[in-house]
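Fold and contact review
Residues per chain are reported as follows:
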Amino acid sequence: MAERLRELTTTYFKVWNSHDQAGIEALHSEKSTLKDWNAEHGPTRADVAKGIAGIWKDVPTIKIEIVDLFTSVTNTCVASIRVIVDAATTLKVTDVIEYDDAGLVVRLDAYVAQPKPKVLFVLGGPGAGKGTQCAKIVEEFSDWAHISAGDCLRAERQDPNSKDGELIEQIIKEGKIVPVAITVKLLQKAMVASKKSCFLIDGFPRNLDNVTGWKENVGELGAQVCGVLYYEAKEDELEKRLLSRGETSGRSDDNIDSIRKRFKTYISETMPIIDEYKAKNLVYTVDGMPPADEVWKVTQGIVRQVEAMPPM
Ligand SMILES: Nc1ncnc2c1ncn2[C@@H]1O[C@H](COP(=O)(O)OP(=O)(O)OP(=O)(O)O)[C@@H](O)[C@H]1O
Ligand SMILES: Nc1ccn([C@H]2C[C@H](O)[C@@H](COP(=O)(O)O)O2)c(=O)n1
């Protein structure tokens, strides 16, 4: 049975690649359906063949390569295939093909694998310029969204209906880190709302709890973490920047007491996380001390590098 299903499926894609409408019709049962991510065809084999011929007409270069075939004791074959649309576009697709006893296709459902969103975590001491550089990135690179964990938490704190508002306020003033169960939900909501394919997750993961929460809620299936964009700068410079920002920011943690507490938390909880990523060779270190426009020159190059990484 398994061998027969493999042969039938191999023949099916051979005919498919010859763009032969009558040939493909002959391989379907009189009552037959085809469903892909764009359209549904059926209930007859003539409808299905017409639908497939429409694809060939729209994309004359289209071809299919079999990656793997999976069979069981049933009449169904699962085909992992590559749909080569043109020189620039290849789709990873899974076809579930059900045959009748005569070996004709009665149902074919095709599922396309969406590439995972790319993520760059953005870390650095408080005031290192993470927000400033992220704003420049999204201005220059249209696929990217800037999602700041701190901004998400501040927005949640402002929401009078939030049950977490008071806790967030207390923790932020103390320069501590909010439990990840709160933060990761806000990040995921913002990612979905942005409709972008690449994300700068700014100010995250800031401690071990953040790392664990990301793995449990987003994980390797939910995103391709391409690395950590890390802005390095000296504490006395950062203190100056934050005090200056505090004159206009209205942030309840841009005062000398909160700033010092934030530094402590940064050294004790965030630095070890950065070191872990460094050990995995996943950190892009940027000198954050020069003027913002100079820092930007380095930042741009890194984003280009990440954009060029093959999607997974
Ligand atoms: N390279 C730079 N040189 C001097 N000042 C800078 C530089 N980059 C940013 N700043 C200024 O420093 C302050 C902090 O910058 P920014 O808000 O981007 O830091 P951040 O890392 O996002 O801070 P936080 O973690 O506290 O949110 C801002 O007032 C910003 O204008
Ligand atoms: N992962 C995070 C990010 C931020 N916070 C809290 C604590 C920070 O001091 C504050 C401000 O963040 P920033 O805007 O400076 O990145 O928000 C957190 O608890 N967890």
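Quick look at the structure, then. Because the structure is a prediction, the values reported are computed rather than measured.

Our focus in this paragraph is the overall build of the protein. A tally of regular secondary structure across the protein gives 12 helices and 11 strands. Taken over the C-alpha trace, the protein has a radius of gyration of 26 Å; the compact-globule value for 312 residues is 20 Å, which it surpasses by more than 25%. Structurally, the protein occupies a C-alpha span of about 80 × 40 × 35 Å along its principal axes. Burial status across the protein gives 42% buried among its 312 residues. Partitioning the intrachain contacts of the protein with sequence separation of at least 6 by distance along the chain shows that 63% fall at a separation of at least 24. Carbon and sulfur atoms make up 53% of the accessible area of the protein, which amounts to about 16,600 Å² in all. Taken as two groups, the 40 positive and 47 negative side-chain charges of the protein have centres that lie 2 Å from each other.

This paragraph deals with the site of ligand 2. Close contacts around ligand 2 come from 15 residues, with R154, V178, G203, R206 and N210 the closest. The fraction of the free accessible surface of ligand 2 (450 Å²) that becomes covered by protein chains is 96%. For the shell around ligand 2, the element with the highest residue contribution is helix α5 (residues 149-158), accounting for four residues. Taken together, the residues that form the shell around ligand 2 break down as six nonpolar, three polar and six charged.

What follows covers the nonpolar core. Judged by nonpolar contacts, the single largest core of 33 residues is most densely connected at V119, F121, I201, F204 and W214. It is helix α7 (residues 180-194) that contributes the most residues to this core, six residues altogether. Excluding its chain neighbours within four sequence positions, the residues that come into contact with V119 are M191, F199, I201, W214, A223, Q224, V225, C226 and G227. Counting 26 residues, the second largest nonpolar core, distinct from the first, contains Y12, W56, A79 and V85.

Definitions and limits used
- Residues numbered from 1 in each chain as written.
- Chains lettered and ligands numbered in written order.
- Predicted model: local features only at pLDDT ≥ 70, side-chain atom pairs only at ≥ 80, totals over all residues.
- Heavy atoms only, no water.
- Helix = DSSP H or I, 4+ residues; strand = E, 2+ residues; numbered from the N terminus.
- Rg over C-alpha atoms; globule rule 2.2 N^0.38 Å.
- Buried < 20%, exposed > 50% of the residue type's maximum accessible area, 1.4 Å probe, protein only.
- Contact = heavy atoms within 4.5 Å.
- Areas by Shrake-Rupley, 256 points an atom, 1.4 Å probe, with all protein chains shown as cover.
- Lys, Arg positive; Asp, Glu negative; His and termini not counted.
- Charge placed at Lys NZ, Arg CZ, Asp CG, Glu CD.
- Near = heavy atom within 4 Å.
- Nonpolar A, V, L, I, M, F, W, Y, C, P; charged D, E, K, R; others polar.
- Core = buried A, V, L, I, M, F, W, Y, C linked by side-chain atoms within 4.5 Å.

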